[in-house]
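Here is how the chains run, residue by residue.
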Amino acid sequence: MSTPAPGLNEVLGRTFPFPRRHFISVLDLNEVEVANLLDLADGFVALNRQTSKKLDLLKGRTLMNLFFENSTRTQSSFELAGKRLGADVVNMSPRSSSISKGETLIDTAVTLNAMQPDLLVVRHASSGAAALLSQKVTCSVINAGDGQHEHPTQALLDALSMRRAFGRIAGLKVAICGDVLHSRVARSNVGMLQMLGAHVRLVGPPTLMPAQADRWGVEVFHDMRKGVAGCDVVMMLRLQLERMDGVMAPSQREYFRFYGLDREKLAYAADHVRVMHPGPMNRGVEIDSEVADDLAVSLIQDQVEMGVAARMAVLASLAARLDNA
Amino acid sequence: MTVVRPTAFVNARLLDPATGYDGPGAVIVVEGVIADVVKGADPGALSPDLEIVDVGGKALLPGLVDMRVKTGEPGAEPKETLKSAGLAAAAGGVTSIVVQPDTHPVADDPAVVDFILRRARDIELVHVYPAGAATKGCAGERMAEIGLMHDAGCVYVTDADRPIANSKVLQRVLAYAKAFGVLVAHRPADPWLSAGAAATSGEFAGRMGLPSVPAIAEKIMLERDLALAELTGARLIVDQITTAAALESLKRAQDRGLAVIATTSINHLSFNEVDIGDYRTFCKVDPPLRSEDDRQAVIEAVATGQIGVVVSAHAPAPAEDKRLPYDEAAPGAIGLQTLLPALLAFHHEGRIPLLDLIRTVTCAPADLLGLPAGRLAKGAPADLVLCDLDAPLVIDADKLLSKSKNSPFDGRRLQGKVLRTLVDGRTVYRAG
């Protein structure tokens with residue numbers, strides 16, 4: 001299904017029924033909804049490349065960014081997405097406010113909810129935090145990462161990047177490599193890519209692989225060369241450096257030798273392989289700069305651009321439902 | 001003490017696992033003690049001094065003995081007091097509870113043991129027996145005053161949820177306790193594998209992104225505990241077996257004749273890891289819920305008698321400790337009031353014979369701890385439960401009598417309604 005990217009006006013002229021109040025997990029979505037979100041996001045990519053980038057789809061709406069974990073890029077991506085659609089955007093970082101004074105997650109959320117936001121974007125270090133919040137507030141909740149569980153807008157922007165690079169997702173061979181165990185990016189991508197018909201492989205040392213990951217309907221590899229062999233996409237995951245010093249892997253240099261993406265290992269992938277990374281990268285740990293900066297291979301900058309568009313698509317879809325409610 | 005008129009409960013279905021009797025009969029209670037048990041439909045000539053209570057064919061069984069209960073007293077009374085736990089126990093047909101030592105302060109000296117016994121006497125609901133700490137502060141480092149606590153009235157020693165990691169310490173505790181005839185209960189869980197875990201490793205926890213512990217952590221610690229029990233000759237209570245792998249180890253030890261008794265919790269008999277669903281923190285218990293294969297193995301072990309005792313593992317946690325992200329939420333579930341109907345589910349589904357089920361919560365724990373309760377026998381304390389075994393009920397957590405309402409059984413449909421509970425002949429609960 002190689003369709004040309006639709007233009008902005010064409011996209012905005014279509015209707016995208018989106019039946020959900022929240023955006024918590026890719027497993028809540030179906031294939032049609034994802035295709036619609038990707039089409040919509042394609043339109044926003046075109047918008048974002050214009051000089052005038054502003055729409056009024058979210059005019060009068062308030063978007064609140066509630067980031068319990070620091071994240072410059074995801075937070076600013078949501079902020080831009082909201083502003084370009086005309087919303088008022090407020091950034092809350094509870095780390096520096098009441099949450100450190102003993103207020104619970106739910107107390108904070110209920111307090112903020114009383115200020116009548118329409119969209120609440122949440123990132124939290126605990127799995128299930130976004131789902132918990134969504135049960136306690138009246139606005140739409142968007143999961144911007146909950147612990148080791150999910151990061152669904154990342155999966156959407158990754159799918160958008162892949163669809164634009166290859167014209168399709170069905171049938172692609174995608175190797176997700178590195179710290180799968182702690183990665184919400186991996187979990188969301190596995191769910192979404194499988195829904196869209198890609199063949200997913202997980203590659204990493206056994207210490208960084210979830211128990212029984214082979215039951216997720218993916219192939220699991222501990223040898224990176226075999227894992228990336230013939231793959232269309234190699235998606236690297238960020239690795240936290242404190243897990244490297246003899247904890248989950250013996251050392252950074254040993255990890256890079258066996259699981260870092262360099263030219264030599266990448267040569268096992270398909271000739272037209274594209275490399276992805278959710279950022280921020282640890283150069284020389286999980287990815288070699290030579291690979292990361294090779295624009296013929298790397299989709300990493302595209303991913304950042306697609307992030308804004310994909311989040312605009314999610315916000316616009318949720319807001320459209322608010323309008324109808 | 002309240003004076004109660006001598007009473008005869010007639011036209012009952014007596015259930016007495018100690019003698020294996022399940023049939024019609026009557027129980028006569030005089031001055032808080034079972035004065036006589038009459039088996040057969042005809043109670044014969046009864047003394048005119050007796051108040052006759054016709055129970056209409058309902059089941060009359062010994063009050064339940066729950067040997068693993070936490071309250072918040074002393075130190076965390078907003079969670080649960082000895083009184084609120086007593087009310088919940090009475091409403092659940094539980095007439096004897098053993099309270100865990102991990103309170104504030106820890107019950108690691110005879111003064112705290114004595115405090116609990118005196119509070120229970122003042123409250124005058126159900127029998128309360130303290131378990132003492134095995135080590136000071138339940139910290140797993142230095143032995144607590146096991147002998148003095150035993151004299152003060154503790155029925156066994158344990159560090160409750162906290163495994164004693166240092167093998168030398170556990171060896172000493174087992175050897176020392178043996179000399180005083182004190183039982184030691186120990187939680188089999190490898191503390192390093194368990195660190196930070198909120199769920200059991202496997203496909204489910206992996207997908208949910210929950211920090212997890214492999215089920216084998218239970219077997220690893222149990223193997224060490226069994227070896228130390230064998231070395232010291234002490235009697236070990238395995239505090240909650242919840243996995244098939246650990247049951248294999250237990251069986252080998254039992255086949256060799258080791259004096260080891262295992263318990264399991266009603267939660268692990270009734271739920272599996274998938275019940276956590278969308279991060280339901282009321283299903284966060286310690287040890288974490290296991291796979292369905294493990295649950296089935298544990299049910300089978302109760303059916304065969306390999307696991308002799310079932311506990312409620314009653315652990316109150318208020319809403320503010322549970323309404324949190326899953327990995328931050330407090331573990332534990334209340335269970336005193338739901339223990340009997342939840343257990344009866346295995347009778348109603350034809351899985352475990354009724355008397356065998358009841359044995360695990362009456363005479364088996366009573367005999368283990370040397371308590372006079374748990375049987376319908378002449379001279380035994382009149383701790384009795386009158387129960388409509390078949391009556392359906394829907395558990396409503398908000399209506400349970402514990403101060404904390406963290407019941408994973410909320411909304412569950414069960415059968416078995418407690419109609420009346422007696423402790424030492426006093427009626428401590430009567431269904432409204």
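That block above? That's the structure.
Sequence order as written defines residue numbering, which begins from 1 separately in each chain. Here the convention is simple: chains get letters from A, ligands get numbers from 1, in the order in which they are written. Given that the model is predicted, a residue must reach a pLDDT of at least 70 before its local features are reported, and side-chain atom pairs must reach 80 or more before they are shown or counted; all residues, however, enter totals for whole chains, interfaces and linings. Water and hydrogen atoms play no part in the side-chain values, which are based on all heavy atoms of the structure.

Participant: Can you break down the overall build of chain A residue by residue, with the values?
Facilitator: In this text, helices come from DSSP runs of H or I with a minimum length of four residues, and strands from runs of E with a minimum of two, each type numbered from the N-terminal end. Along chain A, the regular secondary structure elements total twelve helices and nine strands. The globule rule puts the C-alpha radius of gyration for 325 residues at 20 Å, and the 19 Å found for chain A is close to it. Each of the three principal axes of chain A carries a C-alpha extent, and together these read 50 × 50 × 35 Å. A burial count over chain A gives 58% of its 325 residues as buried. Our radius of gyration looks at C-alpha atoms and nothing else; its globule reference is 2.2 Å times the residue count to the power 0.38. Using a 1.4 Å probe on the protein chains alone, a residue whose accessible area is under 20% of its type maximum counts as buried, one over 50% counts as exposed, and one in between counts as partly exposed.

Participant: If you had to explain the side chain of A:Thr153 to someone new, which residues and values would you point to?
Facilitator: Tracing the sequence through the fold places A:Thr153 in helix H6 (residues 152-166). Two residues form a contact once any of their heavy atoms are found within 4.5 Å. Leave out the neighbours within four places in its chain, and A:Thr153 touches A:Phe23, A:Phe78, A:Ile142, A:Arg311 and A:Val314.

Participant: With reference to specific residues and values, describe H6(A).
Facilitator: Helical geometry note: an α-helix holds 3.6 residues per turn, so side chains three or four residues apart project in the same direction. Helix span, as expected, comes to 1.5 Å for every residue beyond the first. Here H6(A) spans 21 Å end to end across 15 residues, near enough to the 21 Å set by a 1.5 Å rise per residue. Counting buried positions along H6(A) gives twelve out of 15 residues, so the element sits mostly inside the fold.

Participant: Residue-level account of the pattern of salt bridges, with values.
Facilitator: All names here are of chain B. By convention in these notes, a salt bridge is any Lys or Arg side-chain nitrogen within 4 Å of a carboxyl oxygen on Asp or Glu. Counted under the stated rule, the structure contains 37 salt bridges over all chains. In this structure, the salt-bridge partner of Lys 70 is Asp 161, at a minimum N-O distance of 2.5 Å. Pair noted here: Lys 70 is in the loop between strand E6 (64-69) and helix H1 (82-91) and Asp 161 is in the loop between strand E10 (157-158) and helix H4 (167-179), with a separation of 91 residues, a long-range link. Of the residues examined, Lys 70 reaches a relative accessible area of 14% and is grouped as buried. The shortest N-O distance in the salt bridge between Glu 300 and Arg 351 comes to 3.5 Å. Of this pair, Glu 300 sits in helix H10 (residues 292-304) while Arg 351 sits in the loop between helix H12 (339-348) and helix H13 (354-359), and the two are 51 residues apart along the sequence. Within the structure, one salt-bridge network assembled from shared partners comprises Arg 68, Lys 70, Asp 102, Asp 161, Arg 187, Asp 239 and Asp 286.

Participant: How would you sum up the sheet that holds E6(B)? Please name residues and give values.
Facilitator: All names here are of chain B. Ordered in space as E6-E7-E8, the three strands form an open sheet in which the pairing is parallel. The open sheet has two edge strands with one neighbour each: E6 and strand E8 (127-130). Direction aside, the axes of adjacent strands within the sheet are offset by 20° on average. Alignment of E6 against strand E7 (residues 94-99), held across four bridges, turns out to be parallel. Residue pairing for E7: Val 65 is matched across the bridge by Ser 96. By this definition, two strands are paired if DSSP reports at least two bridges between them. Between N-to-C directions, angles span 0 to 180 degrees; the directions come from axes that are lines fitted to C-alpha atoms, helices contributing only their stretch in contact.

Participant: Before we move on, could you go through the sheet that holds strand E2 (residues 88-92) of chain A and cite the residues and values that matter?
Facilitator: Residues and elements named next belong to chain A. If you walk across this open sheet you meet the four strands as E2-E1-E3-E4, and the pairing is parallel. The open sheet has two edge strands, E2 and strand E4 (140-146), and neither has a second partner. Ignoring which end each strand starts from, the neighbouring axes of this sheet average 15° apart. Relative to E4, strand E3 (residues 119-124) runs parallel, the two being bridged by five bridges. Bridge pairing in E4 places Leu 119 opposite Ser 140.

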